[in-house]
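Spelled out, the chains give:
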Amino acid sequence: MWFKNLSIFEFLAPFETECDALEKALSDHKFVPCGSSVPISMGWVSPFSTHDGPLIHQAQGAIMIAFQVQEKIVPASVVKELLDEKVEEIELRESRKVKKKEKDTLKEEIFQTLLPRAFTRNTVTYAYIDQLKGLFIVNAASSKKADLVTVNLRKALGSLKIRIPELLPISMILTNWVKTNEYPQSLTIEDQCVLQDNEDSSGVIRCQKQNLLTEDIQSLIDTGREVVQLGLSW
């Protein structure tokens, strides 16, 4: 499986939970589909995309896990439309204004009525524990989704001592690659980049079809511009 996004955490101490113990801990918080009157459900599922598969997969010093969230989708516009109709009916029949507290009660009743017939939306977030490098990697672009996984893993294990690692700004790394012509061997610098003035973020130079290792580009870096975007081949 390819991870399209990376939310990276580092363990403050080696992750030493045995696989059997981890499987047991996750199984105690296994995903159960929403009941007819339950708006949301979440829990651990098999990373093999099978309902009855193991909840962990270990290979080459890493352990993959998966967390699923299932939500009932009740469109707010439908609830509002039915609520407006109900309020209008009461006001005409009883010749009185429906107050906010009563509206809130009616809204909740309508929501609960629609819930058993609602569509469900399923989201599975994959993550893996890198025991060799002491990292926890979540396939999530948003901190909210990553935190949902870490919070529930901590809940299952009772403790999860991790932190967000201190990272160099990406512009500093890319600028150093272009300036020194030293970068990972699996990559090739292409012919396009974006340079930004490190004192004035509105000062931007876009380079297309240029040899980025020439003196012209190097002089721009020497005068205080940073590479904020860089064309690379992998």
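The structure we're discussing is the one just above.
Rules of the game
- Residues numbered from 1 in each chain as written.
- Predicted model: local features only at pLDDT ≥ 70, side-chain atom pairs only at ≥ 80, totals over all residues.
- Heavy atoms only, no water.
- Axes fitted to C-alpha atoms, helices over the stretch in contact; angles between N-to-C directions.
- Helix = DSSP H or I, 4+ residues; strand = E, 2+ residues; numbered from the N terminus.
- Parallel < 35°, antiparallel > 145°, perpendicular 65-115°, else oblique.
- Left-handed = near helix turned anticlockwise from the far one by under 90°.
- Contact = heavy atoms within 4.5 Å.
- Nonpolar A, V, L, I, M, F, W, Y, C, P; charged D, E, K, R; others polar.
- Buried < 20%, exposed > 50% of the residue type's maximum accessible area, 1.4 Å probe, protein only.

**Things to note about the packing of helix α2 (residues 76–94) against helix α3 (residues 100–114)**
Stage number 1. Contact geometry of α2 with α3 gives a least axis separation of 10 Å together with a crossing angle of 130°. By the angle between their axes, α2 is oblique relative to α3. In terms of crossing hand, the pair formed by α2 and α3 is right-handed. Seen from α2, the contacting residues are V78, V79, L82, L83, K86, V87 and I90; seen from α3, they are E102, K103, L106, K107, I110 and L114.
Stage number 2. Classifying every residue of the contact of α2 with α3 gives nine nonpolar, no polar and four charged.

**Details of unusual backbone geometry**
Stage number 1. One non-glycine residue with positive phi stands out, namely Q60, at about 50°.
Stage number 2. Structurally, the position occupied by Q60 is in the loop between β3 (57–59) and β4 (62–73).
Stage number 3. Given a relative accessible area of 79%, Q60 falls into the exposed group.
Stage number 4. In the Ramachandran plot, N181 falls in the positive-phi region, its phi being about 60° despite a non-glycine side chain.
Stage number 5. Here N181 falls in the partly exposed class, since its relative accessible area comes to 42%.

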